[in-house]
Amino acid sequence: MSEWEKNVKKLIPYVPGEQPKDKNVIKLNTNENPYPPAPAVQEVLEDFYADELRRYPEPTLLELRSTLADFHGISPDEVFVGVGSDDVLAMSFLTFFGDKKRPVRFPDITYSFYDVWCELFGIEYERIPVAEDLSIDLTGYEGPCGGIVIANPNAPTGLYLDTGALCHVLESHPECVVIVDEAYVDFGGESMLRYTDHYDNLLVVRTFSKSRSLAGSRIGYAMGQKKLISYLLAARDSFNSYTMDTITQRIGVASVKDKAYFDRQVRQIIDTREMSKNRLLELGFSFPESSTNFIFATHERVPAEEIFEKLRDRGIYVRYFKKPRIDNYLRITVGTDEQMEQLFKALEEILSFKAKRLSS
Ligand code: PMP
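Residues numbered from 1 in each chain as written. Predicted model: local features only at pLDDT ≥ 70, side-chain atom pairs only at ≥ 80, totals over all residues. Heavy atoms only, no water.

Engineer: So what exactly am I meant to see when it comes to the site of the ligand here?
Structural biologist: Around the ligand sit Gly 84, Ser 85, Asp 86, Leu 89, Tyr 111, Asp 181, Ala 183, Tyr 184, Thr 207, Ser 209, Lys 210 and Arg 218, and that is every residue in its neighbourhood. Note that a nitrogen atom of the ligand is positioned 2.6 Å from one of the side-chain N or O atoms of Asp 181. Arg 218 is positioned with one of its side-chain polar atoms (N or O) 2.7 Å from an oxygen atom of the ligand. Computed on the free molecule, the ligand has an accessible area of 400 Å², of which 92% lies beneath the protein chains in the complex. Per-element accounting of the shell around the ligand gives the leading share, 4 residues, to helix H3 (residues 84-96). Of the residues assigned to the shell around the ligand, the class counts are 4 nonpolar, 4 polar and 4 charged. (Near = heavy atom within 4 Å. Polar contact = N/O pair within 3.5 Å; in protein donor to acceptor, adjacent residues only side chain to side chain. Areas by Shrake-Rupley, 256 points an atom, 1.4 Å probe, with all protein chains shown as cover. Helix = DSSP H or I, 4+ residues; strand = E, 2+ residues; numbered from the N terminus. Nonpolar A, V, L, I, M, F, W, Y, C, P; charged D, E, K, R; others polar.)

In structure tokens:
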């Protein structure tokens, strides 16, 4: 190793789901929304002049923050906006998890970026095992710590933890910031947002990537009391003041303003999810109760990795994690009804072929 290389930070990065170039694949692997964003988003793009890009974007993101604040019934200084919730979460880890002695806690099975940020920022952390049924076991969170991160509903399990249990966590941890990552909350479960008035150490994080069909625009936000948010703003402005470009800011505003469209799309995904659960049960799958836009399914007979590969051969992409405890599960994003029908058809073929082979 050369001299300079010894001083390089060695990181094991987060690996996002595959984004195949072929547009014909059925893409159920990254929890994207199969429907287009609100029609007003298209209008923003059509009305945009390249000349506007000469100028730096508005750095305080005030219009987007105000629009989100109106939507949620809070004030703009209680909203922080970032480039996807990954950016918001990374900034939050950097800002709030500075305790050198006590570790930050999160579940062993959860969004796999959390430990990557801890490694990046040199934050001590503890992965608390989830229960046998993959639900979050809060007994492991007792005693003072440097921070807590809970994705609720959790990913990739899809399971929702009731807000009463999270309030109990907040009651017993005034010493640290508790981040509740609500990337999927629009598809099921109650938000912790109504408790931000009550707990000054509660940060609720959301994204436009799933329920708003805007994964490509990279918009995420956090909500909490003014003081908490002001720390995040200071961190951001010590790093990069112009995080979000002008077009994206307008796209975000347009999306939030069309509540009727948003409600309709979310309802459609939930309906398709419930239909899909029944079909998967018929095919011999089981799964934790999903409150999200994906189903985390395991088959009674056929290994997940084999199904994953055979689906992939047929141009259907789902997500498979080769990790302890979850290496026999597939995370299947809820697509359109038509996409799900194609998935079930492929699964029928794969599973019946296997059944015939076993019985012969
Ligand atoms: N949190 C969770 C639990 C997620 O699954 C994801 C999606 N990968 C994110 C945060 C990040 O989403 P985004 O950066 O697209 O807002």
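There is more to say after this.
Engineer: What exactly am I supposed to notice about helix H9 (residues 304-313) here?
Structural biologist: In an α-helix there are 3.6 residues to a turn, and that puts residues three or four apart on one side. Every buried residue of H9 is accounted for by Ala 304, Glu 306, Ile 307, Phe 308 and Leu 311. Gly 315, located one to two residues past H9, shows a positive phi value of around 80°. (Buried < 20%, exposed > 50% of the residue type's maximum accessible area, 1.4 Å probe, protein only.)

Engineer: Please clarify how the environment of Thr 292 should be interpreted in this entry.
Structural biologist: Along the chain, Thr 292 falls in the loop between strand S9 (285-286) and strand S10 (294-299). The spacing of Thr 292 and Ile 12 is 280 residues in sequence and 28 Å in space, taken between C-alpha atoms. The contacts of Thr 292, once residues within four sequence positions are left out, are Pro 153, Asn 154, Gly 158, Tyr 184, Phe 187 and Arg 273. A polar atom in the side chain of Thr 292 sits 3.1 Å from the side chain of Ser 290. A distance of 3.0 Å separates the side chain of Thr 292 from the backbone oxygen of Phe 294, its partner in a polar contact. (Contact = heavy atoms within 4.5 Å.)

Engineer: Looking at this structure, I do not really get the packing of aromatic side chains. What am I missing?
Structural biologist: Between two aromatic rings, the relevant description is the distance of the centres plus the angle of the planes. Taken as a whole, this structure holds 18 aromatic pairs when the rule is applied. On the basis of an interplanar angle of 75° and a centroid distance of 6.3 Å, the ring pair of Tyr 111 and Trp 117 is categorised as edge-to-face. Each ring, one from Phe 208 and one from Tyr 221, has its centre 5.7 Å from the other, and the planes form 80°; the classification is edge-to-face. Of the two residues, Phe 208 is situated in the loop between strand S7 (202-207) and strand S8 (220-223) and Tyr 221 in strand S8; the sequence distance between them amounts to 13 residues. One exposure class covers both Phe 208 and Tyr 221, and it is buried. Here the aromatic cluster, defined as three or more aromatic residues joined through ring pairs, consists of Tyr 14, Phe 93, Phe 97, Phe 106, Tyr 111, Phe 113, Tyr 114, Trp 117 and Tyr 125. In this structure, Arg 212 is placed above the aromatic ring of Phe 71, and the distance from its NZ or CZ to the ring centre is 5.1 Å. In this structure, Arg 331 is placed above the aromatic ring of Phe 294, and the distance from its NZ or CZ to the ring centre is 5.7 Å. (Phe/Tyr/Trp six-rings, centres within 6.5 Å; stacked < 30°, edge-to-face > 60°. Lys NZ or Arg CZ within 6 Å of the ring centre and 35° of its normal.)

Engineer: How should I be thinking about empty space enclosed by the protein in this particular structure?
Structural biologist: Scanning all chains against the criterion turns up 2 cavities of 30 Å³ or more. Considering only enclosed or pocket space, the largest cavity measures out at about 60 Å³ in volume. Forming the boundary of the largest cavity are Pro 36, Pro 37, Ala 38, Ser 211, Arg 212, Ser 213, Ser 255, Asp 258, Tyr 261, Phe 262 and Gln 265. Top element by residues in the lining of the largest cavity is helix H8 (residues 259-282). It accounts for 3 residues. Along the lines of polarity and charge, the residues of the lining of the largest cavity split into 5 nonpolar, 4 polar and 2 charged. Structurally, the lining of the largest cavity is a two-domain feature, drawing no fewer than three residues from each of domain 1 (4-35 + 260-359) and domain 2 (39-258). Estimates place the volume of the second largest cavity at around 50 Å³. Lining the second largest cavity are Phe 71, Asp 186, Arg 206, Thr 207, Ser 211, Arg 212, Tyr 221 and Phe 262. Within the lining of the second largest cavity, the residues separate by chemical class into 3 nonpolar, 2 polar and 3 charged. (1 Å grid on protein atoms, 1.4 Å probe; cavity = no way out; pocket = protein on both sides within 12 Å on 5 of 7 lines; lining within 4 Å. Points joined across faces, edges and corners; volume = space filled by probe spheres on them. Domains from an automatic or database assignment.)

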